[in-house]
Amino acid sequence: MTTFYKIASEINCKATGIDLPIEGIAEPLGSGINETVFIFQKDILKNKNKIGSKAWVISSSLMESELQAYLARTNISYILSKDILDAFAKTLQFLYPEPVLENRRSVHTSAIVDDTAVCSENVQLGPYCTIGAYSRIGKNVTVMANVTIGNYVVIGENTILYPNVSIYDRCVIGRNVVIHSGTVIGSDGFGFYKKDGRYLKIPHVGKIVIEDDVEIGSNCAIDRGTLGETRIKQGTKLDNLIQIAHNVTVGENTLIAAQTGIAGSTAIGDNVTIAGQVGIVGHITIGNNVTIGAQSGVISSIDEGKTVSGYPARDHTESLRKEAYIQKIPEILKILKEKTGE
Amino acid sequence: MTTFYKIASEINCKATGIDLPIEGIAEPLGSGINETVFIFQKDILKNKNKIGSKAWVISSSLMESELQAYLARTNISYILSKDILDAFAKTLQFLYPEPVLENRRSVHTSAIVDDTAVCSENVQLGPYCTIGAYSRIGKNVTVMANVTIGNYVVIGENTILYPNVSIYDRCVIGRNVVIHSGTVIGSDGFGFYKKDGRYLKIPHVGKIVIEDDVEIGSNCAIDRGTLGETRIKQGTKLDNLIQIAHNVTVGENTLIAAQTGIAGSTAIGDNVTIAGQVGIVGHITIGNNVTIGAQSGVISSIDEGKTVSGYPARDHTESLRKEAYIQKIPEILKILKEKTGE
Amino acid sequence: MTTFYKIASEINCKATGIDLPIEGIAEPLGSGINETVFIFQKDILKNKNKIGSKAWVISSSLMESELQAYLARTNISYILSKDILDAFAKTLQFLYPEPVLENRRSVHTSAIVDDTAVCSENVQLGPYCTIGAYSRIGKNVTVMANVTIGNYVVIGENTILYPNVSIYDRCVIGRNVVIHSGTVIGSDGFGFYKKDGRYLKIPHVGKIVIEDDVEIGSNCAIDRGTLGETRIKQGTKLDNLIQIAHNVTVGENTLIAAQTGIAGSTAIGDNVTIAGQVGIVGHITIGNNVTIGAQSGVISSIDEGKTVSGYPARDHTESLRKEAYIQKIPEILKILKEKTGE
């Protein structure tokens, strides 16, 4: 078991008060004496007497004399952190290391690797996964149970594919990528044309590139390019159930929340934040540092740095104003009635 | 083959008219003489002469003298039911029992069960399913083909997992639970923080609890808690393609329709009804017995018993009024034009 | 390697200029001399001097004297096509034929086919797929890795099932159907009724019929009928992450874009176009040749040939007018202020 001072050392902070054995991290309300808690925001301090823990990690921005007095009076040990989220993440990693089931870091006998595929050192292949012809799997890659990897696929080192992921032929996946269960990478884009009253398929011969450090949630669908490629750039994070259509580009360090859909050939910039259930039409450009509110419908390009919301998505303050306008209609009707006698 | 009177006995109702051999249940329009039909609503009776069946089960609330005369005149046997949905469900179970393919109620030789996992009696394991270390599977559980169950998972008795379901480590699933194909339970929540311009991951060490009698549709994504847990309480039913984020609680006997998404740490009450494609932001509370209309965007907590709709979701009557206001603008413009001459 | 004139011959068009060896198809901007490019729309011609290719296929509607002069002056060989999309699709098929990995057109030894199932000639079964009892698989069908096919399923000839598809019992799938990864066909509809405060399940004994020439994207969820059937008619194309509820009928040659959801028992006509993230309530009828804009919420039936958008979906021009009305409120307020002095 670890102690509160060992945690302080792990996150490069100073602890105050007595050292305590620590059993784990808990939510503040309902925590036990020997569980450490993280105080991110002021709100929770309104109920500070309901926090059972005697070992607090506190965002240093929240510290003031009254709190300090309270901690001293109640014998609570504490750590002040200037970057509480980082401290939280590091403590989680320290207290809950990924379980290493040693005998499972191996290639399961039921994994099917084509004779022409190449796996680098220390690859972990779970039961019933398959790796197609001419694919190359980097070192330390983890391919879990029932994952299907097509032909001519490239996967960079340290990447993790959770169970039941499907990777179509010719996808390129970078290093340190995480793809959660059920996600499909490289299915054909939705491209058909009508001839003699029937839809015929446009072959999709393009590819997908998922760059380094990307994380993709569960049950997403990311289509390959028609020609060219669909690309998700370095460090971008996707939540669950997201649709990325053919030939879309998503920039670096962008966040996309669950159930958002991006139509074909649209280019999303770097450091963009897209909330949940957003729809973005095809063939437009979203600039860097744009923020898009939840459930927005984006039907035209957005300049760098803008915050938009609503349908059709427009400047967020304008969207709020639109709502306020509608609320004024009863008042207008009342004035009109008074003035016109109608 | 069964008869109409046997069905009456099965559903504890009295049949009137001659007994008939029954071949199955059919939709009223297009039904054959020996198919039984269920009359749920008045509408269908407008076309009663197009119902081929001579064996009707009728909601007793619909019976009146004219209908009775029609049934007698046309020699239609009938059953009156005070709970027609229950009668329908019970008759379906009676006429279409789950097919028991005896030799398939077994552990397929290709099922991989870790040496440290425990399966209770009468567990059915389909081909190519895998059960991880230290997991415990209750009696009469059905795990279909290509299901992947992680380590330290607990599954209660009689639960059914359809093909290609993924259960991550440390999930707890109750008794009589049904999870349809492609659904992912326990993937990491969407939790990142920015440091030096890059997103870093907050480890997700929490778990998921799916309580007894829950049913979850196809291709849903239900994330584990960061700390603590994500919990879906007893008797709640989820449709397909639903997103449940980390640390969400869904109460008892709640219905959530397809493609709805609930963001992190939100608490949904008991007996709530949420229609399709609804989005609910994080960190709010939805009271018991709330009803939320389709495609609503819920951005703040909702008190017990309310019915809300629209974006932002507000009292449903207010949402309707808002629409009516907008429709009045042309009239306002007309009056203004007349009165001001502009 | 092929040449530009061989492509012309393949698509039944006449080439002008010198013949060139062709290495592939590329997007116009960034193309190399020996890559052929397709000019679909006028826009790209504004940057025609940035097109590296010397082998253009041009929509004949775009040709005029200035362009002709430019092509001659710069020694660009060209093909005029009256049906540029068809020319594009055919050239893709010609230049990028489906890779035939001969030794993989076979039944993998790990494929599990029930003794009572029947596979016709030339069926390809990937690793770890399973085919249940009494199922019948037509000739030339491709079942990829980890696909699970239930009991009493029928699949027509030439159909392709991508990895991790789940087909429940008793589904009927036509000829030349394509189903992408993660899609679930035949899960139970969302049908429950409340009794004594708890939801009880209505058994779903109906089936699903997917007719010939249908394509379904990744991670869709298509539920079986309660009674009767859910049916997707000939030639219809579905994008990714689509929800089709129990007893829905989708007509012929209809397009449905990603993340759209259709609730129970609704009937969609032929030649309908539904954009992305649309929601359609249950028990309504959408006529033939209807077009529904992205993110619309359709709450009542729509007559043949209409174009609708918005929430609630109404005639598209009316939706636009509604937006224009709202924009007029500030002006109304201004007039009122001036005229009334308030």
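Every value quoted in this text rests on a predicted model; they were computed, and no experiment measured them.

Novice: Which residues make up the relation of the copies chain C and chain A, and what values do they have?
Specialist: Copy one and copy two of the chain differ by a rotation about an axis and a translation along that axis. The operation relating chain C to chain A is a screw motion whose rotation component is 120°, with 0.0 Å of axial translation and a residual RMSD of 0.1 Å. The two molecules are tied by a three-fold rotation axis, judged by turn and shift.

Novice: Any details on the interface of chain B and chain C? Residues and values, ideally.
Specialist: At the interface, 56 residues of chain B touch 67 residues of chain C. For the pairing of chain B and chain C, the buried interface totals around 4700 Å² over both sides, and the portion due to carbon and sulfur atoms is 60%. Viewed at the interface, chain C and chain B are joined by 6 salt bridges. Residue B:Glu323 is joined to C:Lys322 by a salt bridge in which the shortest nitrogen-to-oxygen separation is 2.9 Å. Our count for the contact surface shared by chain B and chain C stands at 29 residue pairs in polar contact (both at pLDDT 80 or more). For the side of chain B that touches chain C, the leading source of residues is helix α4 (residues 316–340) of chain B, giving 9 residues.

Novice: Would you mind going over the interface of chain C and chain A in detail, with residue names and values included?
Specialist: At the junction of the two partners, chain C supplies 56 residues and chain A supplies 66 residues. By the criterion of area lost to chain A, the three top residues of chain C are C:Tyr128, C:Gln295 and C:Ile329, representing 11% of everything that side buries. Inspection of the chain C/chain A interface yields 6 salt bridges. Taking the shortest distance from any N to any O, the salt bridge between C:Asp86 and A:Lys195 comes out at 3.2 Å. Applying the counting criterion to the chain C and chain A interface returns 29 residue pairs in polar contact (both at pLDDT 80 or more). Among the secondary structure elements, those contributing two or more residues to the side of chain C that touches chain A are α3 (84–95), β27 (237–238), β30 (255–256), α4 (316–327) and α5 (329–340) of chain C. Per-class residue counts for the side of chain C that touches chain A are 26 nonpolar, 20 polar and 10 charged.

Novice: Give a detailed account of the pairing of strand β22 (residues 198–201) of chain C, specifying residues and quantitative values.
Specialist: Residue and element names in this part refer to chain C. One ladder, built from 4 bridges, connects strand β21 (residues 192–195) with β22; its direction is antiparallel. Bridge assignment links Phe192 to a residue of β22, and that residue is Lys201. As consecutive antiparallel partners, β21 and β22 are separated by 2 residues, and within that stretch Asp196 has a phi angle of approximately 50°, a positive value.

Novice: Describe the pattern of salt bridges, listing the residues and the values that go with them.
Specialist: Scanning all chains against the criterion turns up 33 salt bridges over all chains. Here B:Arg198 makes a salt bridge to A:Asp213, at a shortest N to O gap of 3.6 Å. Taken together, the positions of B:Arg198 in strand β22 (residues 198–201) and A:Asp213 in the loop between β23 (207–210) and β24 (215–216) put the pair across two chains. We classify A:Asp213 as buried; its relative accessible area is 15%.

Novice: Help me get a handle on the sheet that holds strand β12 (residues 136–137) of chain C, residues and values and all.
Specialist: All names here are of chain C. Strand order in the open sheet made by the 9 strands is β9-β12-β15-β18-β23-β26-β29-β32-β35, with parallel pairing throughout. Pairing within the sheet leaves two strands with one partner each, and these edge strands are β9 (118–119) and β35 (285–286). Summarising the sheet, strand β15 (residues 154–155) and strand β18 (residues 172–173) pair through 2 bridges and their orientation is parallel. Across the sheet, the residue bridging to Val154 is Val172, located in β18.

Novice: Can you explain the pairing of strand β6 (residues 55–59) of chain A? Please cite residues and give values.
Specialist: All names here are of chain A. Counting buried positions over the 5 residues of β6 gives 5, a clear majority of the element. Alternating residues of β6 divide into Ala55, Val57 and Ser59 and Trp56 and Ile58, and every residue in both groups is buried. As paired strands, strand β5 (residues 35–39) and β6 are joined by 4 bridges and run parallel to one another. Directly across from Phe38, in β6, lies its bridge partner Val57. As paired strands, β6 and strand β7 (residues 77–81) are joined by 5 bridges and run parallel to one another. Along β7, the bridge assignment pairs Trp56 with Tyr78.

Calculation criteria
Residues numbered from 1 in each chain as written. Chains lettered and ligands numbered in written order. Predicted model: local features only at pLDDT ≥ 70, side-chain atom pairs only at ≥ 80, totals over all residues. Heavy atoms only, no water. Least-squares fit on C-alpha atoms with pLDDT ≥ 70 in both. Contact = heavy atoms within 4.5 Å. Buried area = accessible area lost by both parts, 1.4 Å probe. Salt bridge = Lys/Arg side-chain N within 4 Å of Asp/Glu carboxyl O. Polar contact = N/O pair within 3.5 Å; in protein donor to acceptor, adjacent residues only side chain to side chain. Helix = DSSP H or I, 4+ residues; strand = E, 2+ residues; numbered from the N terminus. Nonpolar A, V, L, I, M, F, W, Y, C, P; charged D, E, K, R; others polar. Pairing = 2+ DSSP bridges. Buried < 20%, exposed > 50% of the residue type's maximum accessible area, 1.4 Å probe, protein only.

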